[in-house]
Amino acid sequence: MPISLESLTLRELHAAYREARLDPVTVAQHCLALAGATEPGLFTCLLEERALAEAQASRARWQAGQPLGPLDGVPVVWKDLFDVAGTPTTAASALRRNAPPAGQDAATVAALAAAGAVS
C-alpha cells in the first residue's frame, strides 16, 4: 500500500526510514515538487540543490544504519526570518528584496542541519 506523505507524523516518517519503506531523497523530491506547485510568492526561494544533497547524505546514513537521530531526513521549511547561507533574508519586506545573501546559517538552521534535517 502506498504511503501518503502528507499525513505522516514525525514518528511515522522515522519508522518508514528505519524500515526502508521511504527514503529521504524520495521525500525531499516530493516536498520540492509540492512547493514548486504552490501559488507564486508563497516561497521566496527553493533550495533544491541543498535539499537534495542533504537528503542524499541522510539516505546514506539510514542505509548504513547510522541515522543522526529522529530528525535525520525530515524536511524543514524556513520562514524568511532565518538566515540561510547563500540566500537573502528579506523578512517578507520588499525593501530587502536585494539584500545580500546570508553568509552562514542562523544558529537554529545550523542546529537542525547538524541533526540531519533537510532544508
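In what follows, the structure referred to is the one given above.
The structure reproduced in this document is the subject of the present report. Everything numeric in this text was worked out from a predicted model, so none of it was measured. (Residues numbered from 1 in each chain as written. Predicted model: local features only at pLDDT ≥ 70, side-chain atom pairs only at ≥ 80, totals over all residues. Heavy atoms only, no water.)

Focus on the overall build of the protein chain
Stage number 1. The number of helices and strands found in the protein chain is four helices and zero strands.
Stage number 2. Scanning the protein chain from its N terminus toward the C terminus, one meets helices and strands in the order α-α-α-α.
Stage number 3. Taking the principal axes of its C-alpha atoms as reference, the protein chain extends roughly 45 × 30 × 20 Å.
Stage number 4. The buried share of the protein chain, reckoned over its 119 residues, is 32%.
Stage number 5. A separation threshold of at least 6 residues defines the contact pool for the protein chain, and within that pool the share at least 24 residues apart is 55%.
Stage number 6. Carbon together with sulfur atoms contributes 57% to the accessible area of the protein chain, which is approximately 7,500 Å² in total.
Stage number 7. When the 9 positive and 12 negative side-chain charges of the protein chain are each reduced to one mean point, those points stand 3 Å apart. (Helix = DSSP H or I, 4+ residues; strand = E, 2+ residues; numbered from the N terminus. Buried < 20%, exposed > 50% of the residue type's maximum accessible area, 1.4 Å probe, protein only. Contact = heavy atoms within 4.5 Å. Areas by Shrake-Rupley, 256 points an atom, 1.4 Å probe, with all protein chains shown as cover. Lys, Arg positive; Asp, Glu negative; His and termini not counted. Charge placed at Lys NZ, Arg CZ, Asp CG, Glu CD.)

Side note on helix α3 (residues 48-63)
Stage number 1. The end-to-end C-alpha distance of α3, which contains 16 residues, comes to 22 Å, matching closely the 22 Å that a straight helix rising 1.5 Å per residue would cover.
Stage number 2. Buried residues along α3 sit in contact with α1 (10-18), α2 (24-36) and α4 (107-114).
Stage number 3. At the exit of α3 stands G65, carrying a positive phi of roughly 75°. (Expected span 1.5 Å × (residues − 1).)

Some words on the side chain of D80
Stage number 1. Following the sequence through the fold, D80 ends up in the loop between α3 and α4.
Stage number 2. For the buried D80, no salt bridge exists, and the shortest N-O distance to an oppositely charged side chain is 7.3 Å, to R96. (Salt bridge = Lys/Arg side-chain N within 4 Å of Asp/Glu carboxyl O.)

Description of the nonpolar core
Stage number 1. One finds L5, L13, A16, Y17, L22, V27, W62 and V74 forming the largest nonpolar core, which totals eight residues.
Stage number 2. Examining the composition of this core, we find that three residues originate from one element, α1, more than from any other.
Stage number 3. Setting aside residues no more than four positions away along its own chain, L13 makes contact with L8, L22, V27, V74 and P75.
Stage number 4. With six residues, the next largest nonpolar core counts V25, A28, L32 and V118 among its residues. (Core = buried A, V, L, I, M, F, W, Y, C linked by side-chain atoms within 4.5 Å.)

A short note on the environment of D72
Stage number 1. Inspection of the secondary structure puts D72 in the loop between α3 and α4.
Stage number 2. Between the C-alpha atoms of D72 and P101, which are 29 residues apart in sequence, the distance is 26 Å.
Stage number 3. Excluding residues within four positions of it along the chain, D72 makes contact with Y17, S58, R61, W62, P67, A115 and G116.
Stage number 4. Within the structure, the side chain of D72 is placed 2.7 Å from the side chain of S58, a separation counted as a polar contact. (Polar contact = N/O pair within 3.5 Å; in protein donor to acceptor, adjacent residues only side chain to side chain.)

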